[in-house]
Amino acid sequence: MRPVLLIQLLLLTAPGAVASDNHHLDSLWQDDRSATLDEEARLLVFHEIVNEARYEDLDSARTLASEFLRMALSFGQADLIGLAHRDLGNVAAESRDNRSAISHYRKAIAVYATLSDSSAVRGMASSLNNMGIVYKNMGLLDSALAMDRRALAMSMSVGDRTGMMYAYASIARVFEIQGNNDSALFYYERNGTIAEELGDRHTLGGSYGNRANVYERMGRIGPAIDLAYRCLAIFEELKSERSIAISLTTVASLKAELGEVEESLALLRRAHALYTKVGYRQGMMTSGNSIGSNLLELGRTDSALSWLERTLDLEREFDAKDIMANTMNNLAKAYRNEGRGPGAIPLLNEALTIARSLKDAAAEATSLALLGRIALDQGATAQALRSCRNGYTIARTASLLDPLGLNCECLYLAHKARGDGMAALSALEEFNRVQDSVVTERSARELTKRDLLYSFGKEQLADSLRHVNELTVSNLATSAARRGSWIAAAFGLLVVLGLLVFFIIDRQRRRARYEKEAAQLETQALRSQMNPHFIFNALNSINAFVQQNDGASASAYLSKFARLMRLVLENSRQAEVPLKDDIEALDLYLNLELARSRDASGAEKFDYSINVDPSIDQEDTLVPPLVVQPFVENAIWHGMAGKAEKGRITLSVTRVGDDLVMAIEDDGAGRHAKKMEPVPGAAVKKTSLATTITKARLDLVSKQRGRPAGFRYIDLPQGTRVEVLLPLSA
């Protein structure tokens, strides 16, 4: 897995920064010399000069930022002093001088804390966000996420959409590193939406590129290609050399996924030359690792070693832990290819430690696979099996195809070395399944549709047509002489072919009908599992309510429960029900759980709201009954658990094209919060069954309607959002 280069955070959230070019910088210097500017305006122009200089020469930018701080201190205005410290922090962060960057950001925050206006809040939020980026670079992801979330909350409090835009990108990047792809896409999309609304083309291009990176990790190469070229088009329009280089890096990675390694290598060399020209070290490190990886794939180990060793030296110099583990894995692979496997072990152990601290499952599983192969080279089969079993589990859990294949291959060779034929065969079969996976086939099909990467396909088609035409012309003369004798045979052949075609079509029709009927039966079976599960939980709620409240309240509760049960039983007889009926059942369920949650004083534990897009016809729109109920239940039982203040749950229904999106959002502790220890003897809430059944139901909906259906979890700054995608009936 290649290291991902983050496009969006090039600007380090500095307000006013734009794509660098010398003409703009010259214009700023002319403004600075203008006699019409007062001192404060001159200082603000100087701030713009510092930001632009960061794209030209970091050493000059550092000198200018220091001068800006001196002038701001002399002027004595607190917000300008805070701005100057931020600029120094940005230059230090760009240089990967992490300690200096954090020091200046903290000084900026301290200055802004002495002020009380909205401008100071925006400045503090920007400083926090920038500090989060530095923590991310250092591999301190929990600290980074905490800073980014504080920055987002502060930006929201003053309605600063620019600050929100940058905070969304920072949060997305942390989730991307952790392999939480759905959440990463969600925040990158929000970042891009605001950028488009603000007319910020540079940030919009960055959002496209970042989403392309995530889609590539997910194996969805088609959308990745589309977004990568939209990103490249924007940056070529803006004539931003550094951003063009980043776009080329993304396109090169997609080329490598296609197997077009030589073309990928050429693009990476172009990108690396641009990074070197503008002095962008992050890009130099990322492209250097990718070049080394491609050279390894081409069998040019000596050249790969040279690139990877230089890249790792640069990453160590600037403490780039967010991308270091991938370079170490590639370098270890090169060492093993050279017969220097034992020398790669310390490197892999270090990569393993970094990957675990970052929660980077791909890098961790790859390190374990390589450690297993080196152990196998040394005859330590038991050690190889332990390492690759761990790597297999990690890759399998995170659905990472490449690391999964590496670990399967290692397990096959280890079992074979031990003489365990059955285990070896099982591992080999799994390896072949990975290699021939549906995801890979789907990706290949999507790729062949993209003219941008497969323009040669049209040329091949044209050549094939010319060839067919030539064969037809050359055969006409010959076939004319024999036409008479072949007419009878041709007629007979046509009859046979016609019958064969009819048989194939009829068989396909019957198979499709059978699969549809089978899917309907499976859906009914799954609904029969869902209803007892739902009723069991509802009865638990009634029991708790009866124990905690008086008879009158219990009677009212039971009346509502009876009404809900009638709806559930009526709806369960149908494969699909009107959205209006499903919403009514969910509203009743939430109302019952709300009543159950009241404490002794009568205070409710949460509020809820249900919002349906007015453009949706709730009578005519059909949905599987209660398909989102388990997620609503999770939001109540887990999202609101341990929450001191009153919580909030929102169910929203919107239409996106030909799909319906039902989203459940809560402001609880989130999925990754530390779970409370169960009380001895108390019932433990089980949710895995409901989630498994729901996934199976949605898989069947997808099969019945011929379009994707599913759900995704999105981690919010406070709480969790679940989006359920339902294709609408034709």
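Keep in mind that what you see is a predicted model, and the values were worked out from it rather than measured.

What counts, and at which threshold
Residues numbered from 1 in each chain as written. Predicted model: local features only at pLDDT ≥ 70, side-chain atom pairs only at ≥ 80, totals over all residues. Heavy atoms only, no water. Pairing = 2+ DSSP bridges. Helix = DSSP H or I, 4+ residues; strand = E, 2+ residues; numbered from the N terminus. Axes fitted to C-alpha atoms, helices over the stretch in contact; angles between N-to-C directions. Contact = heavy atoms within 4.5 Å. Expected span 1.5 Å × (residues − 1). Buried < 20%, exposed > 50% of the residue type's maximum accessible area, 1.4 Å probe, protein only. Parallel < 35°, antiparallel > 145°, perpendicular 65-115°, else oblique. Left-handed = near helix turned anticlockwise from the far one by under 90°. Nonpolar A, V, L, I, M, F, W, Y, C, P; charged D, E, K, R; others polar. Disulfide = S-S within 2.5 Å. Phe/Tyr/Trp six-rings, centres within 6.5 Å; stacked < 30°, edge-to-face > 60°. Salt bridge = Lys/Arg side-chain N within 4 Å of Asp/Glu carboxyl O. Polar contact = N/O pair within 3.5 Å; in protein donor to acceptor, adjacent residues only side chain to side chain.

1. Here we look at the sheet that holds strand β6 (residues 710-715)
Link 1 in the chain: With mixed pairing, five strands are arranged side by side in an open sheet as β2-β4-β5-β7-β6. Two strands in the sheet have a free side with no partner beyond their single neighbour: β2 (606-612) and β6. Within the sheet, the average angular offset between the axes of one strand and its neighbour, ignoring direction, is 15°.
Link 2 in the chain: Alignment of β6 against strand β7 (residues 720-727), held across six bridges, turns out to be antiparallel. When the sheet's bridge partners are listed, F711 is paired in β7 with V724.
Link 3 in the chain: Together, β6 and β7 form the strand contacts of helix α9 (residues 181-198), whose direction differs from that of β6 by roughly 70°.
Link 4 in the chain: Taken strand by strand, helix α26 (residues 629-639) contacts β2, β4 (647-656), β5 (659-666), β6 and β7, and its axis lies near 10° from that of β5.

2. What about helix α18 (residues 361-377)?
Link 1 in the chain: Between its terminal C-alpha atoms α18 stretches 24 Å, which fits the 24 Å expected from 17 residues at 1.5 Å a residue.
Link 2 in the chain: When you tally the buried positions in α18, you get 16 out of 17 residues, the bulk of the element.

3. Some words on helix α3 (residues 58-75)
Link 1 in the chain: The terminal C-alpha atoms of α3, which comprises 18 residues, lie 25 Å apart, in line with the 26 Å expected from a rise of 1.5 Å per residue.
Link 2 in the chain: Within two residues after α3, G76 carries a phi angle of roughly 80°, on the positive side.

4. Some remarks on the packing of helix α16 (residues 321-337) against α18
Link 1 in the chain: Contact pair α16 / α18: the axes reach a minimum separation of 10 Å and the direction vectors enclose 20°. Relative to α18, the element α16 is oriented roughly parallel. Handedness of the crossing formed by α16 with α18: left-handed. Two secondary-structure elements touch here, α16 through A325, N326, N329, K333 and R336 and α18 through A363, T366, S367, L370, R373, I374 and D377.
Link 2 in the chain: Tallied by class, the residues present in the contact of α16 with α18 amount to four nonpolar, four polar and four charged.

5. Examining the state of the cysteines
Link 1 in the chain: In total, this model carries one disulfide according to the counting rule given.
Link 2 in the chain: There is a disulfide in this structure between C388 and C410, and the S-S distance comes to 2.2 Å. One quick way to see it: the torsion about the S-S bond of C388 and C410 is about 80°, and its sign makes the bridge right-handed. Placement of the pair is C388 in helix α19 (residues 381-397) and C410 in helix α20 (residues 401-418), with a sequence separation of 22 residues. Both residues of the pair, C388 and C410, count as buried.
Link 3 in the chain: Free cysteine: C408, not disulfide-bonded; nearest cysteine sulfur from C388 at 9.5 Å.
Link 4 in the chain: Note on C408: relative accessible area 2%, which makes it buried.

6. A word on the pairing of β7
Link 1 in the chain: The element β7 is largely enclosed, with a buried count of seven among its eight residues.
Link 2 in the chain: Where β5 meets β7, eight bridges bridge the pair, whose relative direction is antiparallel. By the bridge assignment, A663 is partnered in β7 with E723.

7. A word on the packing of aromatic side chains
Link 1 in the chain: Across all of its chains, the model carries seven aromatic pairs by this definition.
Link 2 in the chain: When the ring of F175 is compared with that of Y187, the centres are 5.8 Å apart and the planes differ by 20°; the resulting orientation is stacked. In this pair, F175 sits in helix α8 (residues 161-177) while Y187 sits in helix α9, placing the two residues twelve residues apart along the sequence. The same class applies to F175 and to Y187, which are both buried.
Link 3 in the chain: Note on F186 and Y187: the rings are 5.2 Å apart at their centroids and 85° apart in plane angle, and the pair reads as edge-to-face.

8. Things to note about the pattern of salt bridges
A side chain of one charge can pair with a side chain of the opposite charge if their charged atoms are brought near each other.
Link 1 in the chain: Under the definition given, this model contains 22 salt bridges.
Link 2 in the chain: As a salt-bridge pair, K255 and E260 come within 3.3 Å of each other at their nearest N and O atoms.
Link 3 in the chain: A relative accessible area of 9% means that K255 is categorised as buried.
Link 4 in the chain: Classification of E260 as buried rests on a relative accessible area of 14%.
Link 5 in the chain: Through salt bridges with shared partners, a single ionic network connects E189, E665, R712, R721 and E723.

9. Observations regarding the side chain of E94
Link 1 in the chain: Considering the arrangement of structural elements, one finds E94 in helix α4 (residues 78-94).
Link 2 in the chain: Given the relative accessible area of 9%, E94 is considered buried.
Link 3 in the chain: Of note is the side chain of E94, whose polar atom sits 2.4 Å from the side chain of R242.

10. What about the environment of A384?
Link 1 in the chain: Within the fold, A384 resides in helix α19.
Link 2 in the chain: Sequence spacing of A384 and L370 is 14 residues, and the spatial spacing of their C-alpha atoms is 9.3 Å.
Link 3 in the chain: Once residues lying within four places of it in the same chain are set aside, the contact partners of A384 are G372, A375, L376, C410 and A414.

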